[in-house]
Amino acid sequence: VRFRIEPQDSVERAPELETLFAERPELRARWEALTPGLRRGQTHRLLTAKTPPTRLKRLGEIIAALEGRADWPMPPKRTNPSPNGRGREQPQAAEG
């Protein structure tokens, strides 16, 4: 088994973004100015859309943010309902 370590700044490319940047190079410059983490996160949101309408909606959100018309969409924060912070409710000890 061989592993290849990707450079920390590498970001997978979505075909829709490449098409967009070919048509609107000014948006590529704004995209490249973002942090690698933000680019990676937004690319992941786009690539993991399960339906074409969702993918198109997310691409529209990216375009709006690059144009400065909207804030960057972020995934919802995970909530942890457990009191101990470990992701599962723990049984309460019997008092006595």
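All residue numbers refer to position in the chain's written sequence, counted from 1. With the structure being a predicted model, the display of local features is reserved for residues of pLDDT at least 70 and the display and counting of side-chain atom pairs for 80 or more, all residues being used for whole-chain, interface and lining totals. Side-chain measures were taken over the full set of non-hydrogen atoms in the model, leaving aside hydrogen atoms and water.

Novice: Could you give an account of the packing of helix H1 (residues 15-23) against helix H2 (residues 25-33), naming the residues involved and the relevant values?
Specialist: Remark: H1 packs on H2, axes separated minimally by 5 Å, with the N-to-C direction vectors making an angle of 125°. Regarding the angle of H1 to H2, the classification is oblique. Note on element contacts: H2 touches H1 through Pro25, Leu27, Arg28 and Trp31, opposite Leu17, Glu18, Leu20, Phe21, Ala22 and Glu23. Geometry is summarised by axes, namely lines fitted to C-alpha atoms with helices restricted to the contacting stretch, and by angles between N-to-C directions that run from 0 to 180 degrees. For helices the rule is a DSSP run of H or I covering at least 4 residues; for strands it is a run of E covering at least 2, with both sets numbered from the N terminus onward. Under this scheme an angle from 65 to 115 degrees is roughly perpendicular, one under 35 degrees roughly parallel, and one over 145 degrees roughly antiparallel; angles in between are oblique. The contact definition used throughout considers only heavy atoms, calling two residues in contact when any of these lie within 4.5 Å.

Novice: With reference to specific residues and values, describe helix H4 (residues 52-66).
Specialist: The span one expects for a helix is its residue count, reduced by one, times 1.5 Å. Compared with the 21 Å implied by 1.5 Å per residue over 15 residues, the 21 Å span of H4 between its first and last C-alpha is a close match. Contact partners of the buried residues in H4: H1, H2 and helix H3 (36-47). Just beyond H4, the residue with positive phi is Gly68, at close to 80°.

Novice: So, the packing of H2 against H4: which residues are in play, and what are the values?
Specialist: At a minimum axis separation of 10 Å, H2 and H4 run at an interaxial angle of 85°. Judged by the angle between their axes, H2 and H4 are roughly perpendicular. Taken together, the residues of H4 that come into contact with H2 (itself represented by Leu27, Arg30 and Trp31) are Ile62, Ile63 and Leu66. Charged residues are taken to be Asp, Glu, Lys and Arg, nonpolar residues to be Ala, Val, Leu, Ile, Met, Phe, Trp, Tyr, Cys and Pro, and polar residues to be all remaining types, Gly included. When the residues that make up the contact of H2 with H4 are grouped by side-chain class, the tally is 5 nonpolar, no polar and 1 charged.

Novice: How would you explain the environment of Glu16 if you had to name every residue and give the values?
Specialist: Turning to its location among the elements, Glu16 is positioned in helix H1. Separated by 31 residues in the primary sequence, Glu16 and Leu47 place their C-alpha atoms 9.4 Å from one another. Beyond its immediate stretch of four places on either side in the chain, Glu16 contacts Leu46, Arg55 and Leu59.

Novice: I'd like a description of the pattern of salt bridges, backed by residues and values.
Specialist: Each reported salt bridge corresponds to a side-chain nitrogen of Lys or Arg within 4 Å of a carboxyl oxygen of Asp or Glu. Tallied over the entire structure, the rule returns 8 salt bridges. Here Arg24 makes a salt bridge to Glu67, at a shortest N to O gap of 2.6 Å. Linking Arg24 in the loop between H1 and H2 with Glu67 in the segment after H4, this pair joins segments that are 43 residues apart in sequence. Taking the relative accessible area as the measure of exposure, Glu67 reaches 28% and is therefore partly exposed. Taken together, the salt bridges that share partners define one network made up of Arg24, Glu26, Glu67 and Arg69. In this scheme, a residue with accessible area under 20% of its type's maximum is buried, one over 50% is exposed, and one in between is partly exposed, where area comes from a 1.4 Å probe on protein chains only.

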